[in-house]
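Fold and contact review
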Amino acid sequence: VSQSRYPLHELIDEVYASTPPNDYSRLSMVMCKALYLQMTGEFSKSNQLLNQEFRKKSDRFSTFESGFIIIKFVNFFKMNELKRCEEELNAYKKATGFTCASNFKFMRLLFDHVTANAPLYVYKKDFEDSTELYDQLMVIKCLAEGDSAQAEVFWKKLAKHNAHIYGTGFSYQGGSSLFQAALDKQCRHNQTGNIDLKHLASLMTIRQKLHYIFESGPDSIKKDQLIQWLWNEEPSEKARGRLRKVIYDYQAKFG
């Protein structure tokens, strides 16, 4: 249906003008309205609408509960109310009716990564029912580890099914979301430009270089990348052994 012929707000008004034949249809209408309010930036109104249903808890409420929680989580995230996001994640774990473990793992992992720089431990077996969520997580994980080439592999998998949303150069056109926030975070932080290589080379000691890298570099750094930055040499077992000692000494002094 053409948006120009049938604007979304008119479709929502038309849906709400109808009389739902049962509670399932009524709750479906509520979900449509809540999502529409979210799309138009009316996050508080979207939550207020859903909260009425949480208080009412009608016959088919449990069927929609987990979906409503996800909408509320996204609303709070867009409003930067992170404590409320945490509350919704906890509520999702306790929700009755249909829930999807992969949805929860996805939200939990990315939320902790975006807000607390938590590392991403991603296991394919946890996302057998949702390969797109797995591929999205792997894009973020690879970027966080400084492996842009491997991130590109997963990005191409996503683009194969939806090239309009997953554009070239990690350009995401899917709208504001938790994934978008994580992607922006990594694309800002995981570029070589975050480390001034000339300044790095001017530092006299390995400890000074390591301190600068930890302050200015990405959240996670591969050992071989550290070797290149510290000594400007190709990785080898000897170099990795030297790196382990340097890291041990650094941790012992600075924690």
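Refer to the structure presented above.
Of the regular secondary structure elements, the protein chain holds 13 helices and two strands. For 255 residues, the compact-globule formula gives about 18 Å, and the C-alpha radius of gyration of the protein chain, at 23 Å, lies well above that figure. Along the longest, intermediate and shortest principal axes, the C-alpha atoms of the protein chain span 75 × 40 × 30 Å. Across the 255 residues of the protein chain, 38% fall into the buried class. Counted over contacts in the protein chain with a minimum sequence separation of 6, partners at least 24 positions apart contribute 49%. Surface summary for the protein chain: the accessible area is close to 15000 Å², and the carbon and sulfur share equals 52%. When the 35 basic and 30 acidic side-chain charges of the protein chain are each reduced to a single mean position, those positions are 4 Å apart.

Take the packing of helix α1 (residues 8–17) against helix α2 (residues 23–39) next. Direction vectors running N to C along α1 and α2 enclose 155°, while the axes themselves pass 10 Å from each other. Here α2 runs roughly antiparallel to α1, going by the angle between their axes. Here α1 runs over α2; the crossing is left-handed. On α2, the residues that touch L8, H9, I12, V15 and Y16 of α1 are M29, V30, C32, K33, Y36 and M39. For the contact of α1 with α2, the residue count by class is nine nonpolar, one polar and one charged.

Among the nonpolar cores identified, the biggest contains 49 residues, and F179 and L183 are the most heavily contacted of them. Elements that contribute at least two residues to this core include exactly α2, α3 (43–56), α4 (61–78), α5 (82–94), α6 (101–116), α7 (131–144), α8 (148–161) and α9 (178–189). Those residues in contact with L183, other than ones at most four positions away along the chain, are V139, I140, L143, W155, F170 and Y172. Grouped together as the second largest cluster of nonpolar side chains are 15 residues, I195, L230, L243 and V246 included.

Rules used throughout
- Residues numbered from 1 in each chain as written.
- Predicted model: local features only at pLDDT ≥ 70, side-chain atom pairs only at ≥ 80, totals over all residues.
- Heavy atoms only, no water.
- Helix = DSSP H or I, 4+ residues; strand = E, 2+ residues; numbered from the N terminus.
- Rg over C-alpha atoms; globule rule 2.2 N^0.38 Å.
- Buried < 20%, exposed > 50% of the residue type's maximum accessible area, 1.4 Å probe, protein only.
- Contact = heavy atoms within 4.5 Å.
- Areas by Shrake-Rupley, 256 points an atom, 1.4 Å probe, with all protein chains shown as cover.
- Lys, Arg positive; Asp, Glu negative; His and termini not counted.
- Charge placed at Lys NZ, Arg CZ, Asp CG, Glu CD.
- Axes fitted to C-alpha atoms, helices over the stretch in contact; angles between N-to-C directions.
- Parallel < 35°, antiparallel > 145°, perpendicular 65-115°, else oblique.
- Left-handed = near helix turned anticlockwise from the far one by under 90°.
- Nonpolar A, V, L, I, M, F, W, Y, C, P; charged D, E, K, R; others polar.
- Core = buried A, V, L, I, M, F, W, Y, C linked by side-chain atoms within 4.5 Å.

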